[in-house]
Amino acid sequence: MSACPKCGKKLRIFDISQFCPACGVNMRFVNFEENFLREAKLAELSQAGLKVKLRNLRYSFSGSKWITAKLVVMLLPVLSLLIPSGNFSVSMPFLTNNSHFGILGFVNAFTDGTVLYILDMAGSAVVGNAFAALRNAVICYVLIALCAVFCFFFSLLGFISIKNMQKVVTVIAGLGMAASVADMALIGLFAAASKDALLVSGSFGFGLIVSTVMFGAVFYVNLMLWKHGIHPVYDEGVEERVAIYKKVKAGEINIDDLPQPVVETEETRKIEAAIAAEEAAFQKSMLASAGKGEVQ
């Protein structure tokens, strides 16, 4: 049950009037001025946080040559996966699957059951070595594909944290480079092991060389962003309001103890000057009206 904000009397279910049945106060307007000022202060502080996010969004897509370069290279590792990095042929009962080390080839291999067959045959006593080498190459390629996708999405979502996201992308791109080099070696080992093996054969391609270069481009660009940083320019008072709002939410500052406006800026001073001018004009007109009344 609610209570009167002034006298504290608990209201009954049929007390629907805006006036308290005990003290008679208009409950809608009790502490109206204090509540209005509190809401105005909270609106001022929360809007500052929104302005920071919008400015970060803008600067994550423009503002420097390195940002432009990031947008240019962020999709390159994904596109490089379309280039075959080798071929493999697996003989299954009643079927021989010819595929390649590439994103499209692996999609087909996953859907038709070839990958599961490779994993099963890796434990074979006869052809296990060749299939195990192929399995290792496939697993490493999946890691490369994940790195490429993560590089793209984390680059695209850089506005979430303009201070840290380029660091994340740099690390992922470095991992993608290392995985690409490792998978080239693994595909080479598989191609060598499959020469004298039954049921499986393979050859090396150049697609992962391109992937390594593309990951390197993403790595270098984001490393430069990490080094030089992204420095959005905020409006006057915005950062100060954000810092105050964090302290208010943490309970370190009482919102009622803050002035209104919370932070004075050139904009708020112009508003206050306009209000003062309106008040002065109103008082002048009232005095002029009173003077005319006395003359009459």
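Definitions and limits used
Residues numbered from 1 in each chain as written. Predicted model: local features only at pLDDT ≥ 70, side-chain atom pairs only at ≥ 80, totals over all residues. Heavy atoms only, no water. Helix = DSSP H or I, 4+ residues; strand = E, 2+ residues; numbered from the N terminus. Buried < 20%, exposed > 50% of the residue type's maximum accessible area, 1.4 Å probe, protein only. Contact = heavy atoms within 4.5 Å. Areas by Shrake-Rupley, 256 points an atom, 1.4 Å probe, with all protein chains shown as cover. Phe/Tyr/Trp six-rings, centres within 6.5 Å; stacked < 30°, edge-to-face > 60°. Salt bridge = Lys/Arg side-chain N within 4 Å of Asp/Glu carboxyl O. Axes fitted to C-alpha atoms, helices over the stretch in contact; angles between N-to-C directions. Parallel < 35°, antiparallel > 145°, perpendicular 65-115°, else oblique. Left-handed = near helix turned anticlockwise from the far one by under 90°. Nonpolar A, V, L, I, M, F, W, Y, C, P; charged D, E, K, R; others polar. Polar contact = N/O pair within 3.5 Å; in protein donor to acceptor, adjacent residues only side chain to side chain.

### As for the overall build of the protein
Part 1 of the argument: Along the backbone of the protein there are ten helices and three strands.
Part 2 of the argument: Listed N to C, the secondary structure of the protein is α-α-α-β-β-α-α-α-α-β-α-α-α in terms of helices and strands.
Part 3 of the argument: In the protein, which comprises 296 residues, the proportion classed as buried is 37%.
Part 4 of the argument: Here the contacts in the protein between residues at least 6 apart in sequence split such that 66% fall between residues at least 24 apart.
Part 5 of the argument: Carbon together with sulfur atoms contributes 64% to the accessible area of the protein, which is approximately 17700 Å² in total.

### Here we look at the packing of aromatic side chains
Think of a pair of aromatic rings as described by two things: how far the centres are apart, and how the planes are tilted against each other in angle.
Part 1 of the argument: If you walk through the whole model with that rule in mind, you get three aromatic pairs.
Part 2 of the argument: Pairing Phe-150 with Phe-154 gives two aromatic rings, centres 6.0 Å apart and planes at 40°, and the pair type is tilted. In this pair, Phe-150 and Phe-154 are both assigned in helix H6 (residues 128-156), four residues apart and thus about one turn of the helix distant.
Part 3 of the argument: The class of Phe-150 is partly exposed, set by a relative accessible area of 41%.
Part 4 of the argument: A centroid spacing of 5.3 Å and a plane angle of 70° characterise the contact between Phe-152 and Phe-153, whose relative ring orientation is edge-to-face.
Part 5 of the argument: The class of Phe-153 is partly exposed, set by a relative accessible area of 43%.

### Focus on the pattern of salt bridges
Part 1 of the argument: The tally for this structure, following the rule as stated, stands at three salt bridges.
Part 2 of the argument: With its nearest N and O atoms 2.8 Å apart, the salt bridge here joins Glu-44 to Arg-241. Linking Glu-44 in helix H1 (residues 32-59) with Arg-241 in helix H9 (residues 238-249), this pair joins segments that are 197 residues apart in sequence.
Part 3 of the argument: In this structure, Asp-235 and Arg-55 form a salt bridge, with 3.7 Å as the shortest nitrogen-oxygen distance. Of the two residues, Asp-235 sits in the loop between helix H8 (207-228) and H9 while Arg-55 sits in helix H1, which places them 180 residues apart along the sequence.

### What to know about the side chain of Thr-170
Part 1 of the argument: Its place among the elements puts Thr-170 in helix H7 (residues 165-193).
Part 2 of the argument: Residue classification places Thr-170 among the buried residues on the basis of a relative accessible area of 2%.
Part 3 of the argument: Every residue in contact with Thr-170, bar those within four places of it in the chain, is listed here: Phe-219, Asn-222, Leu-223 and Trp-226.

### Considering the packing of helix H2 (residues 65-73) against H8
Part 1 of the argument: The N-to-C vectors of H2 and H8 enclose an angle of 155°; their axes lie 9 Å apart at closest approach. One element, H2, and the other, H8, form an angle in the roughly antiparallel class. Relative to H8, H2 is oriented so that their crossing is left-handed. Listed contacts from H8 to Trp-66, Ile-67, Ala-69, Lys-70 and Val-73 of H2 are Ala-217, Val-218, Tyr-220, Val-221, Asn-222, Met-224, Leu-225 and His-228.
Part 2 of the argument: Broken down by class, the residue content of the contact of H2 with H8 amounts to ten nonpolar, two polar and one charged.

### Let's talk about the side chain of Gln-166
Part 1 of the argument: Looking at the element boundaries, Gln-166 is found in helix H7.
Part 2 of the argument: Note on Gln-166: relative accessible area 6%, which makes it buried.
Part 3 of the argument: One polar contact links the side chain of Gln-166 to the main-chain carbonyl oxygen of Ile-162, over a distance of 3.0 Å.
Part 4 of the argument: Once residues lying within four places of it in the same chain are set aside, the contact partners of Gln-166 are Ser-161, Asn-222, Leu-225, Trp-226 and Ile-230.

Read these as geometric descriptors, not functional statements.
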